[in-house]
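One letter stands for each residue in the lines below.
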Amino acid sequence: GGIASFGNAIASGRVLMLGLAAGSSLLLYLITSRLSGSRSAALLAMLIYSLSPLSLLYRREVLIENIGMLWLLLSLCLITTGKSRLQTFVFAAVAMGIAILSQELMLLFLPAMIYAIWLYATEFQRKFSVLTFLYITLSIASVYVLIALLQGQLLPPGLLPGDTQPHPSLIATLIQTWKTPTPGGQFSESWKSWIQADKPL
């Protein structure tokens, strides 16, 4: 039935989000189990992540953040459970690159992932592992820029000779995103709704 397998595109997307949520919960269990050494702590973390009212609200919606989060958690899981093998660091870098392609804000987690590589790599291969992780991650994430370049949508219209037609621009969009002021009460409103919906957590 394709994209309408479950009635319509939104319903099918929500079923996909359910699968991603289950995968994310399992990955969080594995990560917490490895970091804490306690299955009870891992189970508690998974339950909090899965049953939090905010989590129940947002993880069922068809959001690209849910897709990016699965890839981010997969990358962290490979780093923490990979027993310092270079091969698992390579797979972790691929997962991190896909996370950035899914949602460019995942780029903000890159320093934390590099720190995790530094912690979990053996001392003699630490620098090589970090450089390999960075190179592969940024190579995959640069596909975003490459596609914009190939479609002539990297630079704002009018910068190149003969480029007079209006078209979307990656650089112009990024500049506009950074220049757009955040609404004054956005954080306070989010905090208020979080406290009301999820007081215990």
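Overview of the structure. (Residues numbered from 1 in each chain as written. Predicted model: local features only at pLDDT ≥ 70, side-chain atom pairs only at ≥ 80, totals over all residues. Heavy atoms only, no water.)

**As for the overall build of the protein**
Now for step 1: Counting its secondary structure elements, the protein contains ten helices and zero strands.
Now for step 2: Along the chain direction, N to C, the helices and strands of the protein fall in the order α-α-α-α-α-α-α-α-α-α.
Now for step 3: Considered along the principal axes of its C-alpha atoms, the protein spans approximately 65 × 50 × 45 Å.
Now for step 4: A buried classification covers 28% of the 201 residues belonging to the protein.
Now for step 5: At a minimum sequence separation of 6, the contacts of the protein that also span at least 24 residues come to 60%.
Now for step 6: Mean positive and mean negative side-chain charge positions of the protein (12 and 7 charges, respectively) differ by 13 Å. (Helix = DSSP H or I, 4+ residues; strand = E, 2+ residues; numbered from the N terminus. Buried < 20%, exposed > 50% of the residue type's maximum accessible area, 1.4 Å probe, protein only. Contact = heavy atoms within 4.5 Å. Lys, Arg positive; Asp, Glu negative; His and termini not counted. Charge placed at Lys NZ, Arg CZ, Asp CG, Glu CD.)

**Description of the packing of helix α7 (residues 126–141) against helix α8 (residues 143–150)**
Now for step 1: One way to put it is that α7 packs onto α8 with a least axis distance of 4 Å and a crossing angle of 30 degrees. In terms of orientation, α7 lies roughly parallel with respect to α8. In contact with Ser139, Ile140 and Ala141 of α7, α8 contributes Val143, Tyr144 and Val145.
Now for step 2: Along the lines of polarity and charge, the residues of the contact of α7 with α8 split into five nonpolar, one polar and no charged. (Axes fitted to C-alpha atoms, helices over the stretch in contact; angles between N-to-C directions. Parallel < 35°, antiparallel > 145°, perpendicular 65-115°, else oblique. Nonpolar A, V, L, I, M, F, W, Y, C, P; charged D, E, K, R; others polar.)

**Details of unusual backbone geometry**
Now for step 1: Despite not being glycine, lysine 83 shows a phi value in the positive range, around 55 degrees.
Now for step 2: If you trace the backbone, lysine 83 turns up in the loop between α4 (64–81) and α5 (86–102).
Now for step 3: Its relative accessible area of 67% is what places lysine 83 among the exposed residues.

**Focus: a nonpolar patch on the surface**
Now for step 1: Taken together, the side chains of Leu101, Val143, Tyr144, Val145 and Ile147 present a nonpolar region at the surface, about 370 Å² in accessible area.
Now for step 2: The leading source of residues in the nonpolar patch is α8, at four residues.
Now for step 3: When you line up the elements, tyrosine 144 lands in helix α8.
Now for step 4: The class for tyrosine 144 is partly exposed, based on a relative accessible area of 37%. (Patch = residues over 30% accessible without salt bridge, like charges linked within 9 Å, V, L, I, M, F, W, Y side chains within 5 Å. Areas by Shrake-Rupley, 256 points an atom, 1.4 Å probe, with all protein chains shown as cover. Salt bridge = Lys/Arg side-chain N within 4 Å of Asp/Glu carboxyl O.)

**With respect to the packing of aromatic side chains**
Now for step 1: Tallied over the entire structure, the rule returns zero aromatic pairs.
Now for step 2: Geometry around tryptophan 118 places arginine 126 over its ring, the cationic atom sitting 5.1 Å from the centre. (Phe/Tyr/Trp six-rings, centres within 6.5 Å; stacked < 30°, edge-to-face > 60°. Lys NZ or Arg CZ within 6 Å of the ring centre and 35° of its normal.)

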